[in-house]
Amino acid sequence: TQEELAAQAGLSRRGIADLELGTRTQPRKETLQLLAEALQLSPQERAQLEAASRGRVVPAVPVPEALTSSRSGLPSAVPLVGRAKELKLLGQLLVAGPPLLVVAGEPGIGKSRLLQAGLEQAEGQSWTVLSGGCHRRSGQEPYAPFIGALTDSLRRQTPAQQRVSLEGCSWLVRLLPELAETATSTQMPGWTLPPEQERRLMFKAVARYLANVAGAAGTLLVLDDLHWAGADALDLLQFLVSAPQERPLRVLVAYRDTDLEEQSPLALMVTDLARERLATRMLLAPLTEEEAVDLLDVLLPETGGEDPHLRQQVLKRAGGMPLFLVSCVQALDTGSLTHQGVSHVPWTLREAILQRVVALPEVAQRVLRLAAVVGRRWPPALLVAVVTHSDLKDEQVLEALDMCCRARLLSEVEEQEYQFAHDLFREVVLADLGTARRAVLHRRIAEALEQRPEGASVEALAHHYSRSGEVEKAIVYLERAGDAARARYAHAEAIQAYQQVVERLGTLGRGAEAAVVRLKLGKLLTILARYGEALGVFDTAEEAFRQANDLEGRLQTLAEIGLAHRWQGTPQMGLERLLAVLEPMPTLAPSPGIVACYMTLATLYLRTNQFHEQLAAAERAVALAQTLGDHQMLTAAQERRGSALLFLSRLEEACQVLTEEVLPAAEATGDAFTLHNALGTLSGVYGLWGQFLRVKECLNRALPLAEQMGDQAALLFSLLQHATIAIPLGEWKQAHAFLERATALARSVPLFAYPLVYLGQLCLAEGEEEQGFRHLDEAVQQAEQGHDLRVLRSAKKMLAEYNLLLGRPEEAQANLSPILEVPNAQLRDVDATDLLVTQAWAYIEMDKVAQAHQMLAPFLAQAREGQMRLSLAGALRVQALAYAKEERWQEAEQALMEALALFQAMPYPYAEAKTLYAFGRLYLQQGVSAQARDYLTRAQAILNTLGERLYASRIELLLSDDTNQ
């Protein structure tokens, strides 16, 4: 060891440690000679040692306390971070006392490093410092650690200095018999005394020696690991602190309070001295989060500088314990722990923790191992119940828990509840158990949990039975745990549980049972937008149901397959899959499976723009659910029917179904999914009616539901709907925020390009043309790839409006023509109104006014009849352009006045500004510049508030031209 080598070579232990760590420069020739002699090196080995000493100095690597030492066995390479209050107490010790400062704490808390800081302070203030430490193996050595401290002090002195230091210290030979063999020793008295008297004189000799070697400020005695000291050493320490001193004497000691009983000699001594105001006790706590970060910044400046996740993992695992931080960093630096395996426990740290465990009595170790298997936190009654059939008694278990708490391995967090003081403690104890033993303990714990009167969580039972070897019970409780996790929307937990059930059932060859669980698993994968995985799980389940002749299970699986195809961007494949089974069997009896299939058909028809077919499928689902008397399925089917009515412009019917039937029933049953969808559909109805504030109310209720459910598709739609209402309301910053979230989320929903469409619209409006076109072009590409006609309509319509505003109607027509070539049946839904109104605008700019009137007339009538104020206002503004083209000024003005009133009532600031702009253009055409300027200025004020540049730049040109004229 370093200590033994230092003794053999006549060097300091700190010097040996510095050489090993590479913190010293090239050693002197005399030092090398002493080392070679102490190590008994051969000539060849001496040459190797000398060659190594001339090599490059290796930078120091921070290491744990147990591996780093100085003259006193104190850590020198570990930086000291934080501890401001403790450092202040060290300063007070040197200036004003009291004579003894005790540093207490658990292993690894940084006691030794704090002693080193005190040593360094004292040396810088002209104190003579003597230091030593106890070791586990030196516990029976007399007067440890004083012998080491005194021996080290004398060894570092010349013979002349020793003679001065030992003046009046004859009785020191009783403590250090080797002094009798040196020429510097003083003459011992020839008479003998009673042992008590000799001991008193020996203690006085130690005090005299400490006074003799004192520096200008005095002497500081630093003693580490005092918990291993014997009673004789404690008596000497108490004498030195209590006795009058010739020169100032201060004592700085450290010990593990986890290794002491309350009535131990050391604890009693400290208490007595503190009562006499001769001692102060400092209890070290873990580093604060900020201090731990600072220490890690020093220890890990490059290795993890570019990996914040690694740093966070190390910090979390260390829990403010300096030794834990240092051990993890050292393991990373040496390669024994990789960044990917940061969750592992470094072996040095593992051994340090195990040493604390094995220091406990056997009964405490048994209870601690059982506690590790139970979990991180538990009531003591559970441990008592588990050991009922063993040879341990209740009182023994409770006493063992107290022992573990005193050792700081456990802590009592609440009344009648314990937990491991640090996660690493549990990991190490658990890893030290054999696999078979862990399985037995898991089984015993699970059985004890089942028998508890208050019951136990299915999660706990699933955890223990799944590790116990009890396959049947593991299957039962894992599935229940999955169901419980799914009910609280903990999807990842539920998936993990279901996967374990499927694996176990598959091993037992129980495919039909596994298919039922696969159905649950696939639904969760769909919710998390893992559509490819979901379809694979569903396909396996459907095949198992088919082989078992389970038609109901197969139908329910097919319904889920269709939904996964809808969100994967392959709705036509979903339709084909369902229709291939349903069409050959038109007379199927009502069942939940057949209802689910028709609801999925309605969803797929919506995605493929077949709205009449959507309504027919939804109404079929409603009728079947009514026959079954399944109220929850009936509510979900009615929501699908309301959606179909919306897209067929039957708004009153849609509103009635949703507000009178769906919403109350979904709220009563707690059906969050149906409630969310109904609110989204209802917001579409209110939007077409121009009731934007009611739209926002619906969406404000829907978004938290989507976030709660964790359904990625539902959340995506909620975010998108929030953005689409924020744009007309003039809340463009909020719209950007919603769209950015939606765009990021849309990456998991293939070919879903709506967020890009609205981002493109906003960017164009704000003058960011390049970015706007990039978003719209990407949206068009995705829509064409996924055959998404609705997204394609929206993107092309926005591009056409941009071209029309810039006076390029032919380019606008080029954007619209491909969309207008689809069958007319797919252009009669509410979603196509804006597209056809934009087409009418293009006709007007191309001097095809009659065609524009012809196109607008049925839409104006339909909008008035259905009170579709949003569609009506947009069509009126374009109709005014047609009247202006024909110089029918009064009719144009009336159309614009009606549109303006509608937009203001919604409110829709951007559309209001566009209408004011149209008014300005109308009056400029008539040569009424004052009124034109008034309307254009009002429009400009709104646009400036919005941050709009597309129309605003046109207005600025018109106002500038009017001023110049």
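None of the values given here were measured: they were computed from a predicted structure. All residue numbers refer to positions counted from 1 along the written sequence of the respective chain. Totals for whole chains, interfaces and linings use every residue, but because this is a predicted model, local features are given only for residues with pLDDT of at least 70 and side-chain atom pairs only at 80 or more, for both listing and counting. Calculated side-chain values reflect all of the structure's heavy atoms, with hydrogen atoms and water omitted.

1. Here's the deal with the overall build of the protein
Here's step 1: The number of helices and strands found in the protein is 46 helices and eight strands.
Here's step 2: Only protein chains enter the calculation, and the probe is 1.4 Å; a residue is then buried if its accessible area is under 20% of its type maximum, exposed if over 50%, and partly exposed in between. Relative to its 965 residues, the protein shows a buried fraction of 54%.
Here's step 3: Two residues qualify as a contact provided that any one of their heavy atoms is within 4.5 Å of a heavy atom in the partner residue. Taking all contacts inside the protein whose residues are at least 6 apart in sequence as the whole, residues at least 24 apart take part in 65%.
Here's step 4: About 43200 Å² of surface is accessible on the protein, with carbon and sulfur atoms providing 50% of the total. Under the DSSP-based scheme used, a helix requires at least four consecutive residues in state H or I and a strand at least two consecutive residues in state E, with every element numbered from the N terminus. Here the Shrake-Rupley method, with its probe set to 1.4 Å, supplies the accessible areas, and only the displayed protein chains count as covering residues.

2. Side note on the environment of Asn815
Here's step 1: The topology assignment puts Asn815 in helix H39 (residues 809–820).
Here's step 2: Sequence separation between Asn815 and Met798 is 17 residues; the distance between their C-alpha atoms is 9.3 Å.

3. A look at the environment of Pro728
Here's step 1: Residue position: Pro728 is located in the loop between helix H34 (712–726) and helix H35 (732–746).
Here's step 2: Expressed as a C-alpha distance, the spacing of Pro728 and Tyr908, which sit 180 residues apart in the sequence, is 4.9 Å.
Here's step 3: The contact partners of Pro728, leaving out residues within four places of it in the chain, are Phe692, Pro907, Tyr908, Pro909 and Tyr910.

4. Thoughts on the packing of helix H15 (residues 347–358) against helix H19 (residues 423–431)
Between two packed helices, the angle of one axis relative to the other and the distance separating the axes together describe the packing.
Here's step 1: Each axis is a line fitted through C-alpha atoms, and for a helix only the stretch in contact is used; angles between axes span 0 to 180 degrees, taken between their N-to-C directions. Between H15 and H19, the shortest axis-to-axis distance is 10 Å and the interhelical angle comes to 85 degrees. In terms of axis orientation, H15 runs roughly perpendicular to H19. Of the residues in H19, those in contact with Leu349, Arg350, Ile353, Leu354, Arg356 and Val357 of H15 are Leu424, Phe425, Val428 and Val429.
Here's step 2: Any residue that is not Ala, Val, Leu, Ile, Met, Phe, Trp, Tyr, Cys, Pro, Asp, Glu, Lys or Arg is counted as polar, Gly included; the first ten are nonpolar and the last four charged. The residue inventory of the contact of H15 with H19, partitioned by class, reads eight nonpolar, no polar and two charged. Orientation categories follow fixed angle ranges, with anything under 35 degrees roughly parallel, anything over 145 roughly antiparallel, 65 to 115 roughly perpendicular, and all other angles oblique.

5. A closer look at the sheet that holds strand E4 (residues 249–256)
Here's step 1: Strands pair, by our definition, only if DSSP identifies at least two bridges between them. Pairing within the open sheet is parallel, and its five strands lie in the order E2-E3-E4-E1-E5. Two strands in the sheet have a free side with no partner beyond their single neighbour: strand E2 (127–133) and strand E5 (279–283). For this sheet, the mean inter-axis angle between neighbouring strands, taken without regard to orientation, is 15 degrees.
Here's step 2: In the sheet, E2 pairs with strand E3 (residues 218–224) via seven bridges, with the strands oriented parallel. Paired with Ser131 across the strands is Val222, a residue of E3.
Here's step 3: Packed onto the sheet, helix H10 (residues 231–242) meets strand E1 (100–105), E3 and E4 and runs at close to 145 degrees relative to E4.

6. Details of unusual backbone geometry
For residues besides glycine, phi is generally negative; the peptide bonds are generally trans as well.
Here's step 1: Of note, the amide linkage connecting Gly97 to Pro98 takes the cis form, showing an omega dihedral of 0 degrees.
Here's step 2: Turning to its location among the elements, Pro98 is positioned in the loop between helix H5 (84–95) and E1.
Here's step 3: Along the chain, Met906 connects to Pro907 via a cis peptide bond; the corresponding omega equals -10 degrees.
Here's step 4: Of note, Pro907 is situated in the loop between helix H43 (889–905) and helix H44 (909–926).
Here's step 5: Unusually for a residue other than glycine, Arg408 sits at a positive phi of about 60 degrees.

7. Remarks on helix H42 (residues 869–885)
Here's step 1: An expected span of 1.5 Å times one less than the residue number is assigned to each helix. Between the first and last C-alpha of H42 there are 24 Å, a value that for 17 residues agrees with the 24 Å anticipated at 1.5 Å per step.
Here's step 2: Within H42, 13 of the 17 residues are buried, leaving the element largely enclosed by the surrounding structure.
Here's step 3: Two residues or fewer after H42 comes Glu887, characterised by a positive phi angle close to 60 degrees.

8. A word on the side chain of Gln712
Here's step 1: Structurally, Gln712 can be placed in helix H34.
Here's step 2: Contact partners of Gln712, with chain neighbours within four places excluded, come to Ile527, Leu528, Ala529 and Leu745.

9. Comments concerning the sheet that holds strand E8 (residues 417–420)
Here's step 1: Reading across from one edge, E6-E8-E7 is the order of the three strands in this open sheet, with antiparallel pairing throughout. One side of each edge strand has no neighbouring strand; the edge strands of this open sheet are strand E6 (377–378) and strand E7 (410–414).
Here's step 2: Contacts from helix H16 (residues 362–374) reach E6, E7 and E8, with the element oriented near 90 degrees to E8.
Here's step 3: Along the sheet face, helix H18 (residues 394–406) touches E6, E7 and E8 and points at about 105 degrees away from the line of E7.

10. Some words on the nonpolar core
Here's step 1: Among buried residues, the Ala, Val, Leu, Ile, Met, Phe, Trp, Tyr and Cys ones that are joined through side-chain atoms within 4.5 Å form a nonpolar core. Counting residues in each nonpolar core, the largest one holds 138 residues, and the members touching the most others are Tyr910 and Tyr951.
Here's step 2: Counting residues in each nonpolar core, the second largest holds 136 residues, with Leu310, Tyr418, Val595 and Met633 among its members.

11. Notes on the pairing of E8
Here's step 1: Judged from the two bridges that link them, E6 and E8 form a sheet pairing that is antiparallel. Bridge pairing links Arg377 to Gln419 in E8.
Here's step 2: Relative to E8, E7 is paired through four bridges, and the arrangement is antiparallel. Residue pairing in the sheet places Leu410 in a bridge with Phe420 of E8.
Here's step 3: Hairpin connection of E7 to E8: two residues between the antiparallel strands, including Gln416 at a positive phi of 60 degrees.

12. Points about the state of the cysteines
Here's step 1: We call a pair of cysteine sulfur atoms a disulfide when they lie within 2.5 Å. Counted by the stated rule, this structure contains zero disulfides.
Here's step 2: A disulfide-free cysteine, Cys404 has its sulfur positioned 7.1 Å from the sulfur of Cys405, the nearest such atom.

13. Quick look at the packing of helix H33 (residues 692–709) against H34
Here's step 1: The interhelical angle for the contact between H33 and H34, taken along N-to-C directions, is 155 degrees, at an axis separation of 9 Å. Classified by the angle between their axes, H33 and H34 sit roughly antiparallel to one another. The element H33 and its partner H34 pack so that their crossing is left-handed. Here Phe692, Val695, Leu699, Asn700, Ala702, Leu703, Ala706, Glu707 and Met709 of H33 come into contact with H34, specifically with Ala714, Leu715, Ser718, Leu719, Gln721, His722 and Ile725.
Here's step 2: When its residues are assigned to classes, the contact of H33 with H34 shows 11 nonpolar, four polar and one charged. For any helix crossing, the convention is left-handed if the near helix is rotated counterclockwise from the far helix by under a right angle, and right-handed if that rotation is clockwise.

14. Some remarks on the confidence of the model for the protein
Here's step 1: Known as pLDDT, the predictor's confidence for each residue is given on a scale from 0 to 100. Within the protein, residue pLDDT values average 86, and 90% of them lie at 70 or more.
Here's step 2: Contacts for the low-pLDDT stretch residues 56–76, under 50 throughout, to residues beyond four places or in other chains number 69 contacts.
Here's step 3: Contacts of residues 824–828 to residues separated by more than four positions or lying in other chains number 10 contacts, the stretch itself having pLDDT below 50.

15. Things to note about the packing of aromatic side chains
How two aromatic rings sit relative to each other is given by the distance of their centres and the angle of their planes.
Here's step 1: A pair of aromatic rings is counted whenever rings of Phe, Tyr or Trp (Trp by its six-membered ring) have centres within 6.5 Å, and the orientation is called stacked for planes under 30 degrees apart, edge-to-face for over 60 and tilted otherwise. Taken as a whole, this structure holds 18 aromatic pairs when the rule is applied.
Here's step 2: Note on Phe203 and Phe239: the rings are 5.5 Å apart at their centroids and 50 degrees apart in plane angle, and the pair reads as tilted. Placement of the pair is Phe203 in helix H9 (residues 195–212) and Phe239 in helix H10, with a sequence separation of 36 residues.
Here's step 3: Phe239 gets classed as partly exposed once you look at its relative accessible area, which sits at 23%.
Here's step 4: Among the aromatic residues, those joined into a cluster by ring pairs are Trp732, Tyr910, Tyr917 and Tyr951.
Here's step 5: Placement of a positive charge over a ring is assigned whenever Lys NZ or Arg CZ falls within 6 Å of the ring centre and within 35 degrees of the normal to the ring plane. Just above the ring of Tyr910 sits the side chain of Lys914; from NZ or CZ to the centre is 4.5 Å.

16. As for a negative patch on the surface
Here's step 1: Like-charged residues within 9 Å of one another, or nonpolar side chains (Val, Leu, Ile, Met, Phe, Trp, Tyr) within 5 Å, are grouped into patches, provided each residue has over 30% relative accessible area and no salt bridge. Should a side-chain nitrogen of Lys or Arg be within 4 Å of a carboxyl oxygen of Asp or Glu, the pair is scored as a salt bridge. Neither His nor the chain ends is counted toward charge; the positive residues are Lys and Arg and the negative residues Asp and Glu. Here the site of a charge means atom NZ of a Lys, CZ of an Arg, CG of an Asp or CD of a Glu. A surface patch of negative charge is lined by Asp394, Glu395, Asp402, Glu412 and Glu415.
Here's step 2: Among the elements that make up the negative patch, the one with the highest residue count is H18 (three residues).

17. So, helix H13 (residues 308–318)
It helps to recall that an α-helix has 3.6 residues per turn; residues three or four apart then point in one direction.
Here's step 1: If you check which residues of H13 are buried, you get Leu310, Arg311, Val314, Leu315, Arg317 and Ala318.
Here's step 2: Downstream of H13 by a residue or two, Gly319 has a phi angle that is positive, lying close to 60 degrees.

18. Focus on the pattern of salt bridges
Here's step 1: With the rule as written, the count across this model stands at 41 salt bridges.
Here's step 2: Salt-bridge contacts for Arg510 lead to Glu472; the nearest nitrogen and oxygen are separated by 2.8 Å. Highlighted residues: Arg510 in the loop between helix H23 (491–507) and helix H24 (511–527) and Glu472 in helix H22 (residues 471–487), separated in sequence by 38 residues.
Here's step 3: Look at Glu472 and you get partly exposed, because its relative accessible area is 44%.
Here's step 4: When the shortest N-O distance is used, the salt bridge between Glu891 and Arg888 registers 2.8 Å.
Here's step 5: A residue is classified by how much of its surface remains accessible, and Arg888, at 32% relative accessible area, is partly exposed.
Here's step 6: One salt-bridge network, held together by shared partners, links Asp539, Glu542, Arg554 and Arg577.

19. Some remarks on the environment of Arg650
Here's step 1: Positionally, Arg650 belongs in the loop between helix H30 (631–647) and helix H31 (651–669).
Here's step 2: Remark: the alpha-carbon pair of Arg650 and Val685, spanning 35 residues in sequence, is separated by 9.3 Å.
Here's step 3: Setting aside residues no more than four positions away along its own chain, Arg650 makes contact with Leu615 and Leu645.

20. Structural notes on the side chain of His464
Here's step 1: The topology assignment puts His464 in helix H21 (residues 458–466).
Here's step 2: We classify His464 as buried; its relative accessible area is 3%.
Here's step 3: His464 has contacts with Val373, Val374, His442, Ile445, Ala446 and Leu449, leaving out every residue within four places of it along the chain.

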